[in-house]
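Coordinate inspection notes
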There are 2 protein chains.
Amino acid sequence: MSQNRAAENADLIAHLYEQVLTQAKPWLATADDDVLADPASRPTDGSQKRPAIVNSKTAEELSKVLDLGIVSEGVDDVPEFISKILENSVNTTSPGFMDKLYSSPSPPGLAADMLLSILNTNSHVYTVSPALTVVEKYTGKRLAYEFGLRESVSGGVTCPGGAQSNATAMLVARNIRFPQVVTDGVASLSKPLAVFTSSASHYSMVSAAQNLGLGGKSVRKVATVNDAMDPDALDKEMQKAVDEGHIPFYVGATAGTTVRGAYDDLRAIAAVAKKYGAWLHVDACWGGGAIFSSTHKHKLDGSELADTIAINPHKMLGVPLTCSFLLGRDLRTFVVANRLEAGYLFHGDSELAQSDGSTTNGQAQPNGVGEENEDWRNSARILNAPHPDKVTDMAQFTTQCGRRPDALKLYAHWRYYGTDGIGKHIDIAFQGAKTVLDLVRQSTTLSAVEAGDPPCAQACFYYSGTKGNLGPEKRITREIVERLVDYGWMTDFAPGKTKQEEYLRVVCNRLSTDEVVGNLVKAVEIVGRQVEKEWNL
Amino acid sequence: MSQNRAAENADLIAHLYEQVLTQAKPWLATADDDVLADPASRPTDGSQKRPAIVNSKTAEELSKVLDLGIVSEGVDDVPEFISKILENSVNTTSPGFMDKLYSSPSPPGLAADMLLSILNTNSHVYTVSPALTVVEKYTGKRLAYEFGLRESVSGGVTCPGGAQSNATAMLVARNIRFPQVVTDGVASLSKPLAVFTSSASHYSMVSAAQNLGLGGKSVRKVATVNDAMDPDALDKEMQKAVDEGHIPFYVGATAGTTVRGAYDDLRAIAAVAKKYGAWLHVDACWGGGAIFSSTHKHKLDGSELADTIAINPHKMLGVPLTCSFLLGRDLRTFVVANRLEAGYLFHGDSELAQSDGSTTNGQAQPNGVGEENEDWRNSARILNAPHPDKVTDMAQFTTQCGRRPDALKLYAHWRYYGTDGIGKHIDIAFQGAKTVLDLVRQSTTLSAVEAGDPPCAQACFYYSGTKGNLGPEKRITREIVERLVDYGWMTDFAPGKTKQEEYLRVVCNRLSTDEVVGNLVKAVEIVGRQVEKEWNL
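Predicted model, so just to flag it, every value in this text is computed and none were measured. (Residues numbered from 1 in each chain as written. Chains lettered and ligands numbered in written order. Predicted model: local features only at pLDDT ≥ 70, side-chain atom pairs only at ≥ 80, totals over all residues. Heavy atoms only, no water.)

Further remarks concern the overall build of chain A. Along its length, chain A carries 17 helices and 14 strands. Relative to its length of 537 residues, chain A is compact, with a C-alpha radius of gyration of 25 Å against a globular reference of 24 Å. With respect to the three principal axes, the spread of C-alpha positions in chain A is 75 × 75 × 45 Å. For chain A, the proportion of contacts with a sequence separation of at least 24, taken over those separated by at least 6, is 74%. Within the structure as shown, chain A displays about 17,200 Å² of accessible surface, and the carbon and sulfur contribution to it stands at 50%. (Helix = DSSP H or I, 4+ residues; strand = E, 2+ residues; numbered from the N terminus. Rg over C-alpha atoms; globule rule 2.2 N^0.38 Å. Contact = heavy atoms within 4.5 Å. Areas by Shrake-Rupley, 256 points an atom, 1.4 Å probe, with all protein chains shown as cover.)

Now the structure itself:
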């Protein structure tokens, strides 16, 4: 090996990083150009330049353009390759990217991400990830504290995405409440389990139930009022499940639904969940960011009553993807629920293993006796488990083995902006959605989907025409969304009440200033009129 | 909003990146210093400098050193913070990092990772990730091709880690073979399911079975010969399951076990799996890298007979964490198994939805009739499903919703080094392990755990003493491993045949040249003698 191997490696890494940054800088620096220009002054004669936000092509077209063939000997054409990827990707750093629940990645988050890459740390066990394990434990505990989960055993761990955080919560609940399922499976239960979530919740709730072997039918969709779960309807559904001989063991509330951003009334739902002895999970993947805002945190009132809360800082906060946390009132439940031995990995030796008296390598551990553990929050298994602060091999908490230490990205972001700084970002996002709807209501050609202020950072509306006679028609909405790209905007659409209905859904973020959303609404009016005229509507 | 917002953002990102790189460069450039020095010349009087590989501290000590408190207003101390993280993390870029199955992150992989961070792309749906979706589809298909999965419907998708790839394979197998489980749950089956894997397989196999509601007991551990599954024992175990009234539906073979790197005989196992009509999954997360080496690819002979294969390019290849693929002989099975509707996300409109005739938003779809689908590989549900090349919303393939486009990291690595270049890396790693064992056998104080050449890139041995009378004692092994850190080496240890036994396991990689492994073995001899002498063994 060359005595200079490491120095050459450092030089090559620096060189390749520079090649990326050289091309990314102008791409970043011009991200606002289209959306800060007056949409009314945009030429429509074909002379306008392509918008920076996306270069729309089909997968077939892109396959040709990217020319991905790999040669046996390898090829050093990193700059050309970067150029093609940038040219054909969505510029999420533009304020015009209002399509999904994430947005421009934060600079301190990006610095943390670069550090994570270079360190190439796997945070499964402490010995190989000392600093980043401590960062994750601190950040998880601090985040749980913000949501009111403030017991000594409270905290949080990262999962690879919100769907996984939600699924892990249901797994923990199932295994804690019904210990014999861990060894004997779901078929060993004498009664079916029932899961409750609102009809506006994320599809990962159903996905989790079917993964866990409970079946999609175990999920009972509770009626909503303005997309927020109706606590009375929940009570009735849970009683109905009991009457049918099912066990209502899990309530999945939502803080910030995907489409409209509705917040379930957590305090009222917690009371119902408690009445039936159910686990309360809150999917705050999207809306949980409001906890940082003194103006909006009241929407999460009652979160302190949850058993588990999922939150994705890569959504509302602007932390680079992926960064998702599952917070727990009692992290001992995570460890007990996921207890498996692997002597080749976990050398803890171990408080965990000892508490079972078992050394069977890689086998599921017997987790208790009897079918159902009614007082599951205070079972001996949990009370005798080691304090979660002392469990430093993070792979003991979830089913994930190898794990990228995503927590550092939130930590760096939070440290840099502070709680107040993040709160201001959240306020801009929420205010942006309110301003959009205010402008929509002032517009003669646009209509809001519902009355009142938006609960979160989304605004839902449609083009109703110069005569005001058009509904949220799918074909019109989709045409508008497609044409908006030419003006530098990417927005999304969502299903309406019938199969023919779809409306525009725009997601605001910390870049959604008055100027930005003003131009957005103006652009929608302009392209809507184009479509109305061309289509003789 | 400032007209210069985007330019300022670009400048800030570049500035923070520079701060990371300025500190990371010397950290990278000196990564080899300790391990290329002669271990015999290392002072033992306390005058030696701290090794670069790790600064061992307990979590309590580190909490104080890192001083993680967050202030409301935020603080811009990125350089100080980076410095503390680097100082207290493991330097995985050193050839002395031989503790786990990953190693120094590759420069082109790092460049790709930086690009991914800046793009902040979510590859769940095509509209927001055009280029990176095409890259994932190309890379997955190309990788599947290497393993012999070469049907038109073959390909691969990324999962967030190997445990998740393994779990997803079992989920797909369960849902395809027993369609009613998707809606009605595992309890609806009239017979219990049985899973087969070797006693040396990764713990994620048991974890997957318990997650899926099958229970840990559903996993039958098959006996091994030199840690590779015994096909005859598998046949007997599967017949036993049938005799007991269970359905032997899934065989999880291993290509490269975690501890010793044993390769199961895939061709022989495939024949047994076929006899019982079972799904064949291959956990090649670790050993799959051998497919790139003309010298070692024969160890994966029979991989073309698998239904699914998991491989982690972030392990043997050196692609930065996380990069894991689940490859499939027929990717239609992935889509059919995970079919859920979410009209707000998937706007495909949709071949998928139409094939079910259903529009129930967010509900699990009925996937078929009857309990068991005997001819599951050719069921109408699968044959009528859309061609996987045409499914461009990647979240349709697995349970993951939001996803970082990890495939780009493998693609960039592969493009840069080529298939042959990666093959040479693999050869160095395998040769490194062989050289370690050759040196161990020449040594008068060390003993190999087993006879013959190592099957993969791990070498397992122990300090047997100047009189040759010491066994693989746990306390001696752990003491040696701890002292090796002072010489710049991080190695791991694994459980032996009894609770008192543990031996050294070192993992070689593409940096494990003759010089590196020579110094490693010398260092083990030196610290072994120290311990023997001090402890009067």
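Next up on the list: the interface of chain A and chain B. Facing 162 residues of chain A, the contacting portion of chain B comprises 163 residues. Carbon and sulfur atoms supply 61% of the area that chain A and chain B bury against each other, a total of about 13,900 Å² over both sides. If you tally residues by element for the side of chain A that touches chain B, the top one is helix H1 (residues 5-29) of chain A, at 18 residues. (Buried area = accessible area lost by both parts, 1.4 Å probe.)

Each of the two chain copies can be brought onto the other by rotation about an axis and movement along it. For the pair chain A and chain B, the best superposition has an RMSD of 0.0 Å and corresponds to a rotation of 180° with a translation of 0.0 Å parallel to the axis. These values place the two chain copies in the arrangement generated by a two-fold rotation axis. Interface overlap between copies is the fraction of interface residues in one copy that are interface residues in the other; for chain A against chain B it reaches 100%, indicating a shared surface. (Least-squares fit on C-alpha atoms with pLDDT ≥ 70 in both.)

All names here are of chain A. Within this structure's numbering, the places UniProt gives as "modified residue: N6-(pyridoxal phosphate)lysine" (unreviewed entry) are Lys 315. Judged by its relative accessible area of 18%, Lys 315 is buried. Residues within four places of Lys 315 in sequence aside, it is in contact with Leu 101, Tyr 102, Cys 285 and Trp 286. (UniProt positions renumbered as here; feature names shortened; annotations may be inferred. Buried < 20%, exposed > 50% of the residue type's maximum accessible area, 1.4 Å probe, protein only.)

So, on to the packing of aromatic side chains. Residue and element names in this part refer to chain A. The tally for this structure, following the rule as stated, stands at 16 aromatic pairs over all chains. Measuring from ring centre to ring centre gives 5.9 Å for Phe 178 and Phe 249, while their planes differ by 65°; the resulting arrangement is edge-to-face. Placement of the pair is Phe 178 in the loop between helix H7 (162-177) and helix H8 (180-184) and Phe 249 in strand E7 (residues 247-254), with a sequence separation of 71 residues. Grouping residues by exposure puts Phe 178 and Phe 249 together as buried. (Phe/Tyr/Trp six-rings, centres within 6.5 Å; stacked < 30°, edge-to-face > 60°.)

A separate point is helix H4 (residues 78-87) of chain A. Listing the buried residues of H4 of chain A in full gives Val 78, Phe 81, Ile 82, Ile 85 and Leu 86 of chain A. Seen from one end, H4 of chain A has its buried residues packed into an arc of 130°, which puts them on one side. (Arc of directions from axis to C-beta.)

Once that is clear, we can look at the sheet that holds strand E3 (residues 193-198) of chain A. All names here are of chain A. Ordered by their spatial adjacency, seven strands build an open sheet running E2-E10-E9-E8-E7-E3-E4, and the pairing between neighbours is mixed. Of all the strands in the sheet, the pair left with one neighbour each is strand E2 (155-159) and strand E4 (219-222). Strand-to-strand, the axes of this sheet are offset by a mean angle of 20°, without reference to chain direction. The sheet contacts of helix H6 (residues 130-146) involve E2, strand E9 (308-311) and strand E10 (324-328), and relative to E2 the element is tilted by about 115°. Relative to E4, helix H9 (residues 204-211) is tilted by about 160°, and along the sheet it contacts E3, E4, E7 and strand E8 (279-283). (Pairing = 2+ DSSP bridges. Axes fitted to C-alpha atoms, helices over the stretch in contact; angles between N-to-C directions.)

Moving on, we come to the pattern of salt bridges. Counted according to the given criterion, the structure contains 68 salt bridges over all chains. The partner of Arg 332 of chain A in a salt bridge is Asp 330 of chain A, with the nearest N and O atoms 2.9 Å apart. The pair formed by Arg 332 of chain A and Asp 330 of chain A is uniform in burial state, with each residue classed as buried. The network of salt bridges with shared partners includes Asp 113, Arg 404, Asp 406 and Lys 409 of chain A together with Asp 113, Arg 404, Asp 406 and Lys 409 of chain B. (Salt bridge = Lys/Arg side-chain N within 4 Å of Asp/Glu carboxyl O.)

So, on to the sheet that holds strand E3 (residues 193-198) of chain B. Residue and element names in this part refer to chain B. Spatially, E2-E10-E9-E8-E7-E3-E4 is the arrangement adopted by the seven strands of the open sheet, whose pairing is mixed. Both outer strands of the open sheet, strand E2 (155-159) and strand E4 (219-222), are each paired with one neighbouring strand and no more. Ignoring which end each strand starts from, the neighbouring axes of this sheet average 20° apart. When strand E7 (residues 247-254) meets strand E8 (residues 279-283), the two strands line up parallel, connected through five bridges. In the strand pairing of E8, Tyr 250 is matched with Trp 279.

What follows covers the packing of helix H6 (residues 130-146) of chain B against helix H15 (residues 407-442) of chain B. Residues and elements named next belong to chain B. Two elements in contact, H6 and H15, have axes whose closest approach is 9 Å; the angle formed by their N-to-C orientations is 60°. Classified by the angle between their axes, H6 and H15 sit oblique to one another. Seen along the crossing, H6 lies across H15 with a hand that is left-handed. Along the contact surface, H6 presents Leu 132, Val 135, Glu 136, Tyr 138, Thr 139, Arg 142, Leu 143 and Glu 146, while H15 presents Ala 407, Leu 408, Leu 410, Tyr 411, Trp 414 and Thr 419. Here the contact of H6 with H15 is built from residues that sort into nine nonpolar, two polar and three charged. (Parallel < 35°, antiparallel > 145°, perpendicular 65-115°, else oblique. Left-handed = near helix turned anticlockwise from the far one by under 90°. Nonpolar A, V, L, I, M, F, W, Y, C, P; charged D, E, K, R; others polar.)

Residues and elements named next belong to chain A. Of note, the amide linkage connecting Leu 321 to Thr 322 takes the cis form, showing an omega dihedral of -10°. Mapped onto the fold, Thr 322 is located in the loop between E9 and E10. With a phi close to 50°, Asn 226 is a non-glycine residue in the positive phi region. In this structure, Asn 226 sits in the loop between strand E5 (224-225) and strand E6 (228-229). For Asn 226, a relative accessible area of 57% translates into the label exposed. Within the chain, Asn 536 stands out as a residue other than glycine whose phi angle is a positive 55°. Within the secondary structure layout, Asn 536 lies in the segment after helix H17 (514-534).

Examined against the element boundaries, Asp 99 of chain A turns out to sit in the loop between strand E1 (97-98) and helix H5 (107-119). With a relative accessible area of 4%, Asp 99 of chain A lands in the buried category. A polar side-chain atom of Asp 99 of chain A sits 2.8 Å from a polar atom in the side chain of Lys 100 of chain A. With residues near it in sequence (within four places) discarded, Asp 99 of chain A still touches Met 490, Thr 491, Asp 492, Arg 505 and Val 507 of chain A together with Val 128 of chain B. (Polar contact = N/O pair within 3.5 Å; in protein donor to acceptor, adjacent residues only side chain to side chain.)

Once that is clear, we can look at the nonpolar core. In this structure, Ile 85 and Val 436 of chain A together with Ile 85, Val 251 and Val 436 of chain B are the most contacted members of the largest nonpolar core, which totals 239 residues. With near-sequence residues (within four places) excluded, Val 251 of chain B lies in contact with Phe 196, Met 229, Leu 234, Met 238, Ile 269, Ala 273, Ala 278, Trp 279, Leu 280 and His 281 of chain B. Counting residues in each nonpolar core, the second largest holds 83 residues, with Met 170, Ala 209 and Val 219 of chain A together with Val 336 of chain B among its members. (Core = buried A, V, L, I, M, F, W, Y, C linked by side-chain atoms within 4.5 Å.)

All names here are of chain A. The buried fraction of E3 is high, at six of six residues. Side chains Leu 193, Val 195 and Thr 197 of E3 all project onto a buried face; the interleaved residues Ala 194, Phe 196 and Ser 198 project onto the opposite face, where all are buried too. The pairing of E3 with E4 spans four bridges and is classified as parallel. Looking at E4, one finds that Ser 198 is bridged to Val 222. Viewed along the sheet, the connection from E3 through H9 into E4 turns out right-handed. (Right-handed = clockwise from strand over helix to strand, strands pointing away.)

Looking now at the pairing of E7 of chain A. For E7 of chain A, the buried fraction is high: eight of the eight residues fall into the buried class. A crossover connection joins E7 of chain A to the parallel E8 of chain A through helix H11 (residues 266-275) of chain A; in handedness this β-α-β unit is right-handed.

The next point concerns H9 of chain A. In an α-helix there are 3.6 residues to a turn, and that puts residues three or four apart on one side. Residues and elements named next belong to chain A. Among the eight residues in H9, eight count as buried, and that is most of the element. Those residues of H9 that sit buried are Ser 204, Met 205, Val 206, Ser 207, Ala 208, Ala 209, Gln 210 and Asn 211. Downstream of H9 by one or two residues, Gly 213 has phi in the positive range, about 85°.

What follows covers the confidence of the model for chain A. Predicted confidence across chain A gives a mean pLDDT of 93, with 93% of residues reaching 70 or more. The low-confidence segment residues 349-371 of chain A, where pLDDT is below 50, has 59 contacts with residues more than four positions distant or belonging to other chains. (pLDDT = per-residue confidence, 0-100.)

The next point concerns the environment of Ala 208 of chain B. Residue and element names in this part refer to chain B. Inspection of the secondary structure puts Ala 208 in helix H9 (residues 204-211). Of the residues examined, Ala 208 reaches a relative accessible area of 3% and is grouped as buried. When the C-alpha positions of Ala 208 and Asn 384 are compared, they lie 29 Å apart, and in sequence the two are 176 residues distant. For Ala 208, the residues in contact, after removing those within four places along its chain, are Ala 167 and Met 170.

Take the environment of Ala 457 of chain B next. All names here are of chain B. Within the secondary structure, Ala 457 sits in the loop between strand E11 (446-448) and strand E12 (458-463). By relative accessible area, which is 0% here, Ala 457 ends up buried. Here the alpha-carbon distance between Ala 457 and Ala 429, two residues 28 residues apart in the chain, equals 5.4 Å. When residues no more than four places from it in sequence are discounted, the contact partners of Ala 457 are Trp 286, Ala 429, Phe 430, Ala 433, Val 506, Val 507 and Cys 508.

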